[in-house]
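Structure at a glance
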Amino acid sequence: MSAIERGDAPVLETEHLSRVVAGVRLVDDVSVQVRQGEVLAVVGPSGSGKSSFLRLLNRLDEPTGGMVALGGRDYRMIPPRELRRRVGMVTQTAFLFPGTISDNLRFGPRQRGYRLDEETVASLLDRVGLAGRAGHDVRHLSGGEAQRVSVARALANEPAVLLLDEPTSALDDTAKQGVEALIRKIVGDHELTCVIVTHDRPQAGRLADRVMVLGAGRLERIGSTDEVLHAQDPLR
Amino acid sequence: MLKTLFADQVALGVAQAALATAVALVVMLAARARAIHLERDIVVALVRGVAQILAVGSVLMLLLRGPRWTGVFILIGMTIAAATTSARRARGVPGAFRVSLSAIGLGAGSVIALMAWAGAVDTAITALVPIGSMIIANAMNTNSLALNRFRSEVESHVGLIETALALGASAKETVSPYVHASCQASLIPAIDSLRSLGIVWIPGLMTGMLLSGSSPVYAAIYQFVMIAFIFSASGITSLAGTLLIRTYAFSPAEQLTLRPEPSVDG
């Protein structure tokens, strides 16, 4: 079943989305829809605006034009903190807060005055392959383990959409395969809607339902993984 | 020795200034010999320093004949100048001038007002302006240190701050550790001044009082009073400055605006 068939209404939608900083068009008039349970990969060369585009989706940066809708609602109508809880993000480097793994998992829910119970922490860690490690100090984690904690921490907020910004680019091959498998599992188990930025086209092929190609901030091409990645591409 | 050569006070002052300048120039030459080029900075600083202090002396001479309230205007002018200097140090920090003016105005202003009300400082211009300027200058230094440290802390923790924002944390909470660190660091000089008073240094005010024949015990107590008030003014400035700058580091949509450079990645 394709992602398009899974849900009709887009969970996340951008319309003519743009961001211009100091005269540079980082994101230029990008319109795209992401449906429930769909994994959309954003690919393109360095400096093409992939990460800038992603940062606009949870409003870490402010669009200078166009709009983003979450669940059909202009996201400027949603309080930023609530928006960011619903649109989780995992960055290239896992920035973990000092303390234990469970401290990190509890960070998001604590912002809403909610304490994650032991059972939920254990369940989240089980999902990311770190069962029984709740009390471990994050300073002693490998890169791959830290990235798993980062994914679990984002999931602890029960987001509707998960944004992944080059989540494996700082990892070695073994850790990369592990995190990729984790992403596939999470998406498969929970029909989580994902937007993943990657410079690794084969990875986009392994993880995504659809791929969009950005170039100089503009949407150059969008389509199914097969259409975009396997089509004759003079730029490749 | 100079006193024996110059009977007139102004001539003596000029001779002493020439000696002090000569020593500073020798230091400059010594630095130059080690390929440390401070020539321009030192010459400009010396010329500016002498011009500014002479201008202040001349203005004071005129104002001494004016009513007491003119002292307040002089201190307000000094506060604006201090805020401008401090804001320059914090270049790149959004709202640096407004934050500096508010913080220095609140810290120095409240303490000077309290001192005047309590009689800890005479409201005559000759006393209020020099003592007030000491308090404003120290508040300015504290504010510069606080803003500078805050900027460095935030710029080196952008990843952690934005991660916390992305998890739904409030802007205030994400920079809270850096606000504390900046406040503590900015108060180190004021605390050290208080701690080392009389052991490491005998401040100028006490020296002046001793030279003018005051009781050494009273001069010592008054100096402590001054340093304690300076500490209070610095503390209020630091607390106010670091709390205010927190709001300027973010946009209304709680996006971090205090960044090393705009995000032009990927």
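For clarity, every value in this text was computed on a predicted model and none was experimentally measured. (Residues numbered from 1 in each chain as written. Chains lettered and ligands numbered in written order. Predicted model: local features only at pLDDT ≥ 70, side-chain atom pairs only at ≥ 80, totals over all residues.)

**Here's the deal with the overall build of chain A**
Summing up its helical and strand segments, chain A has nine helices and ten strands in all. Across its three principal directions, the C-alpha atoms of chain A cover 50 × 40 × 40 Å. Looking at chain A residue by residue over its 236 residues, the buried ones come to 47%. By sequence separation, contacts in chain A at least 24 residues apart represent 70% of the contacts at least 6 residues apart. (Helix = DSSP H or I, 4+ residues; strand = E, 2+ residues; numbered from the N terminus. Buried ≥ 20, exposed ≤ 12 C-beta atoms within 10 Å, placed from the backbone. Contact = placed C-beta atoms within 7 Å.)

**Side note on the overall build of chain B**
Counting secondary structure elements, chain B contains eleven helices and zero strands. What you see in chain B, going N to C, is helices and strands ordered as α-α-α-α-α-α-α-α-α-α-α. If one aligns the C-alpha atoms of chain B with their principal axes, the spans along those axes are about 75 × 50 × 35 Å. The proportion of buried residues among the 266 residues of chain B is 32%. The contacts of chain B with a sequence gap of at least 6 include a subset with a gap of at least 24, amounting to 73%.

**Considering helix α5 (residues 118-127) of chain A**
Residues and elements named next belong to chain A. Restricting attention to buried positions, one finds in α5 the residues V121, L124 and L125. The buried side chains of α5 occupy one side of the element, clustering within an arc of 95° when seen end-on. What points out from α5, more than 90 degrees from its buried face, is the exposed set E119 and D126. Packed against the buried residues of α5 are α4 (101-111) and α6 (143-155). (Arc of directions from axis to C-beta.)

**Structural notes on the sheet that holds strand β6 (residues 87-90) of chain A**
All names here are of chain A. Across the sheet, six strands lie side by side as β6-β7-β8-β3-β9-β10; this open sheet has mixed pairing. Each having just a single partner strand, β6 and β10 (218-224) make up the two edges of the open sheet. Strand after strand, the sheet turns through a mean of 20° between neighbouring axes, direction not considered. Bridge count for strand β7 (residues 161-165) against strand β8 (residues 193-197) is five bridges, and the pairing is parallel. Looking across to β8, one finds that L162 is bridged to C194. Helix α2 (residues 50-57) contacts β3 (39-43), β6, β7, β8 and β9 (210-215) of the sheet and is inclined by roughly 150° relative to β8. (Pairing = 2+ DSSP bridges. Axes fitted to C-alpha atoms, helices over the stretch in contact; angles between N-to-C directions.)

**Describing α4(A)**
Residue and element names in this part refer to chain A. By the criterion of burial, α4 is predominantly enclosed, with eight of the eleven residues buried. Taken as a whole, α4 has its buried residues at I101, S102, N104, L105, R106, F107, G108 and P109. Just downstream of α4, G113 is the residue with a positive phi angle, here 75°.

**Concerning the pairing of strand β1 (residues 10-21) of chain A**
All names here are of chain A. Of the pairings in the sheet, the one linking β1 to strand β2 (residues 24-35) comprises eight bridges and is antiparallel in character. By the bridge assignment, T14 is partnered in β2 with V32. The antiparallel pairing of β1 with β2 creates a hairpin that spans two residues between the two strands, and A22 there sits at a positive phi of about 50°. The pairing of β1 with strand β4 (residues 65-70) spans five bridges and is classified as antiparallel. If you follow S18 over to β4, its bridge partner there is G65.

**Digging into the domain arrangement of chain B**
Per the domain assignment, the segments making up chain B are domain 1 (1-63) and domain 2 (68-266). Distance from the C-alpha centre of domain 1 of chain B to the C-alpha centre of domain 2 of chain B: 28 Å. (Domains from an automatic or database assignment.)

**Observations regarding the interface of chain B and chain A**
Between chain B and chain A, the residue contacts involve 19 residues of the former and 30 residues of the latter. A breakdown of the residues in the side of chain B that touches chain A according to their chemical character gives eight nonpolar, eight polar and three charged. (Nonpolar A, V, L, I, M, F, W, Y, C, P; charged D, E, K, R; others polar.)

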